[in-house]
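Residue strings, one per chain:
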Amino acid sequence: MEEVDKIIIHNLKSVGCDIEDDVESLLQFNTELIVEATVKCLRVINGIELSASLPPSMSAKFRVGTSLAGALTDLGYRGEIGYQTFLYSNENDIRKVFMFLIEKLPKGSEETTDEVLGGSALLQRAIGSEIKKRLASPWVPPFCKKDGVSWRGSPSSWQREGCCSVQGFHASYLTSPRGVGDLTRKIPKDVRTYYKNEMKFISQQPLNHHDLAPSLIEENARSVTAQQDWENEWNSAGLASRLSPEEYKARKRQRLQKRIADSLRQGVQKSEASRSITPQDLASVMNAISDKTNQGARTKGSRFTHIEKLQFAQDEEKTAAQMGIGEGPRVDTEQEQLQKQGEELNQLKEDLADVSAKFEAMELDVKKFTAGTQQMQEQFGVVKRSNEEKEESYRVKKRTLDLLPDAENNIAKLQGLVETSSQRLVSLANQWEKHRAPLILQFRELKELNDNKMSETQKRLEDIKELREKMKELADDAREKEELQKQLVSEYERMTKDVNRSAYTRRIMEIVQNIKKQKAEIDKVLIDTRAIQKEINQLSGKLDRTFTVTDELIFRDAKKDESVRKAYKYLAALHENCNSLIKTVEETGSILREIRELEDQIENESNDKIFANLEKITSDYQQMKKENTAMLAKLKKS
């Protein structure tokens, strides 16, 4: 961890933290230095303005720690963090926090100016700086710009931002020659002449010149989406249909034409059903309407006839007045004429309502008649079918009755016919079996071939789908790797070239060598442990086998001799004592392991500075109590 702490301290010094030269580990960091380093890193990352020094009061210290924890959480820190991380620091937690902040620090973009730059490099640098300025400035919509120009920046450094040639996105439909790229396909002569002489160029098809680019973009998007839809449909339903693309498109076109024809046919049938009125009903309706119009023809008329009569009457009055003719009969005033027209309009509305009601009633009657005719047709079909069945049974019965007078001869004839027909059936069956056996074999062979072909085609379809998926995955991986490569190249170009990386490389190599040495030592210890465990297992097995053999030998002689019986008892006691000793040694080893684990935990806890943090917390608590009592005293005085 020493190398990691040195790298962290070096990065913190580059950010601007005031760290002394003798500080070489995060254990030497105090609370003020931790807070200062965190605040300066946050300022460099996202410009958060926080106080880099701790205030004297404890409540303000808690607020600063809480705000720092919230800022790190907003940046994406996933570990456990709070005010205690900064006020009562732990080495491991602080190391994790600083490693996270150093990863979030922006890479240096300064470039060395020792090299002599050419004109193209200077131009690219100027373009890049201008693009960065434009990206950093807020966007202003065109309608907020006066005369196509707006100003941005501070009053000391105004910058002009233009807005020329801003147009609304309006696309027009474009047509282009189709099938010209395929040389094997013959284009009809009239179509070719139309393409050559009549069809306009794409640049001349939009009504406005500014609509050309949006129209091209829209046409390209439409063709791309159509191609994608066709690929998706072909991969999902086209391959499963086992047809060629041309056959699949032809079948789809036939289905669409059939669906359109069915919908048109249904629409025509519905319109004919809604208008299915008999000629007698139409004649009665027309007679009723003509009677109404004849009755009101003498006194009523349309609005157009009234206006025409009124104009002619006014013209006649004017001519009569000019010629000196005396006044004729009294002409109605304009108000009276409007009143008459309103009465006529109301009367016409009433007549129209009566006619529409009669028409609706007639439509209901027609529907009832059509339903009755359909029902009668169904009944007629049922009766017709029953009559046919009865006629068939009548013919059979009549034939049987005709055969009854000469029954014996007829029965003999029938038996002869039955025998001849049965012999014929047997011969036909034999012939059919002769033909059937090779046909069945051929059918089975063809079925097996078909099944094999089906399985092969299915496998090929699955292989094709898998290959397509793999191609898509490889394309996505290649795209992601290209983006990552571009990102890494851009980061590498933004990084400072004057940084001496040999020290970091040397440190990393030393760390790797130390890790390798530690791994080799761990492997040696593991090998020794396995060898000792294997030896222990061999010895324990040998001991068990020796005890069993000795037990059997002594047990045989123990039945005859008393001294051998005592030796057998001593042997059993010795074996039991040896087992207890082995258990004791194993328990001692487990206790030693627990002691080592506890010592490690004690060392970790001592590294966490629990007692120091506890003393600090108690002192902070006492200080907060004093501050609270002082505030209460002030409140009482006020």
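Residues numbered from 1 in each chain as written. Predicted model: local features only at pLDDT ≥ 70, side-chain atom pairs only at ≥ 80, totals over all residues. Heavy atoms only, no water.

In this structure the tally under the stated criterion is ten salt bridges. The residue aspartate 5 makes a salt bridge to arginine 95 at a minimum N-O spacing of 3.0 Å. Residue aspartate 5 is located in helix H1 (residues 2-15), and its partner arginine 95 is located in helix H5 (residues 91-104); the two are separated by 90 residues in the primary sequence. Residue lysine 252 is joined to glutamate 233 by a salt bridge in which the shortest nitrogen-to-oxygen separation is 2.9 Å. (Salt bridge = Lys/Arg side-chain N within 4 Å of Asp/Glu carboxyl O. Helix = DSSP H or I, 4+ residues; strand = E, 2+ residues; numbered from the N terminus.)

In this structure, Leu12, Ile19, Phe29, Leu72, Phe98 and Leu101 are the most contacted members of the largest nonpolar core, which totals 35 residues. The greatest single-element share of this core, amounting to eight residues, is contributed by helix H3 (residues 58-75). (Core = buried A, V, L, I, M, F, W, Y, C linked by side-chain atoms within 4.5 Å. Buried < 20%, exposed > 50% of the residue type's maximum accessible area, 1.4 Å probe, protein only.)

Tracing the sequence through the fold places aspartate 211 in the loop between helix H7 (189-198) and helix H8 (212-241). In contact with aspartate 211, other than residues within four places in its own chain, are His170, Ser172 and Pro206. (Contact = heavy atoms within 4.5 Å.)

So, about a negative patch on the surface. The grouping of Glu462, Asp463, Glu466, Glu469, Glu473, Asp477, Glu480, Glu482 and Glu483 at the surface amounts to a negative patch. By the element assignment, glutamate 462 lies in helix H13 (residues 407-494). (Patch = residues over 30% accessible without salt bridge, like charges linked within 9 Å, V, L, I, M, F, W, Y side chains within 5 Å. Areas by Shrake-Rupley, 256 points an atom, 1.4 Å probe, with all protein chains shown as cover. Lys, Arg positive; Asp, Glu negative; His and termini not counted. Charge placed at Lys NZ, Arg CZ, Asp CG, Glu CD.)

Let's shift gears to H5. The terminal C-alpha atoms of H5, which comprises 14 residues, lie 20 Å apart, in line with the 20 Å expected from a rise of 1.5 Å per residue. Considered for burial, the residues of H5 that qualify are Glu91, Ile94, Arg95, Val97, Phe98, Phe100, Leu101 and Ile102. (Expected span 1.5 Å × (residues − 1).)

Taken as a whole and judged by the stated rule, the model has seven aromatic pairs. Centre to centre, the rings of tryptophan 234 and tyrosine 248 are 5.9 Å apart; their planes meet at 70 degrees, and the pair counts as edge-to-face. Separated by 14 residues along the polypeptide, tryptophan 234 in helix H8 and tyrosine 248 in helix H9 (residues 245-274) bring together distant segments of the chain. Taken individually, tryptophan 234 and tyrosine 248 each receive the classification buried, so the pair is uniform in this respect. Among the aromatic residues, those joined into a cluster by ring pairs are Trp230, Trp234 and Tyr248. The positively charged end of lysine 249 is found above the aromatic ring belonging to tryptophan 230, 4.8 Å away from the centroid. (Phe/Tyr/Trp six-rings, centres within 6.5 Å; stacked < 30°, edge-to-face > 60°. Lys NZ or Arg CZ within 6 Å of the ring centre and 35° of its normal.)

What follows deals with the packing of helix H2 (residues 31-46) against H3. Closest axis-to-axis distance for the H2/H3 pair is 11 Å, and the angle between their directions is 40 degrees. In terms of orientation, H2 and H3 fall into the oblique class. Of the two elements, H2 crosses H3, and the hand of that crossing is left-handed. Here Val35, Thr38, Val39, Leu42, Ile45 and Asn46 of H2 come into contact with H3, specifically with Val64, Leu68, Ala71, Leu72 and Leu75. (Axes fitted to C-alpha atoms, helices over the stretch in contact; angles between N-to-C directions. Parallel < 35°, antiparallel > 145°, perpendicular 65-115°, else oblique. Left-handed = near helix turned anticlockwise from the far one by under 90°.)

The share of residues in the chain with pLDDT of 70 or more is 81%, and the mean pLDDT across the chain is 77. The model gives residues 108-117 a pLDDT under 50, and that stretch makes 13 contacts with residues more than four places away or in other chains. Here residues 153-159 is a poorly scored stretch, pLDDT under 50, and it has eight contacts once near neighbours within four places are set aside; other chains count. (pLDDT = per-residue confidence, 0-100.)

An ideal rise of 1.5 Å per residue puts 26 Å on 18 residues; H3 measures up with 26 Å between its terminal C-alpha atoms. Among the residues making up H3, those that are buried are Met58, Ala60, Lys61, Phe62, Val64, Gly65, Leu68, Ala69, Ala71, Leu72 and Leu75. After H3 finishes, the residue glycine 76 shows a positive phi value of roughly 115 degrees.

Our focus in this paragraph is a nonpolar patch on the surface. The grouping of Leu123, Ile127, Ile131 and Leu135 at the surface amounts to a nonpolar patch, some 420 Å² of accessible area in total. With respect to the helices and strands, the residue leucine 123 is situated in helix H6 (residues 119-136). Residue class for leucine 123 comes out exposed when judged on its relative accessible area of 53%.

Here we come to the side chain of threonine 38. By the secondary structure assignment, threonine 38 is in helix H2. A relative accessible area of 0% places threonine 38 in the buried class. The contact partners of threonine 38, leaving out residues within four places of it in the chain, are Leu68, Leu72, Phe86, Phe98 and Leu101.

Mapped onto the fold, methionine 99 is located in helix H5. Here methionine 99 falls in the partly exposed class, since its relative accessible area comes to 38%. In sequence terms methionine 99 and isoleucine 8 are 91 residues apart; their C-alpha atoms lie 7.1 Å from each other.

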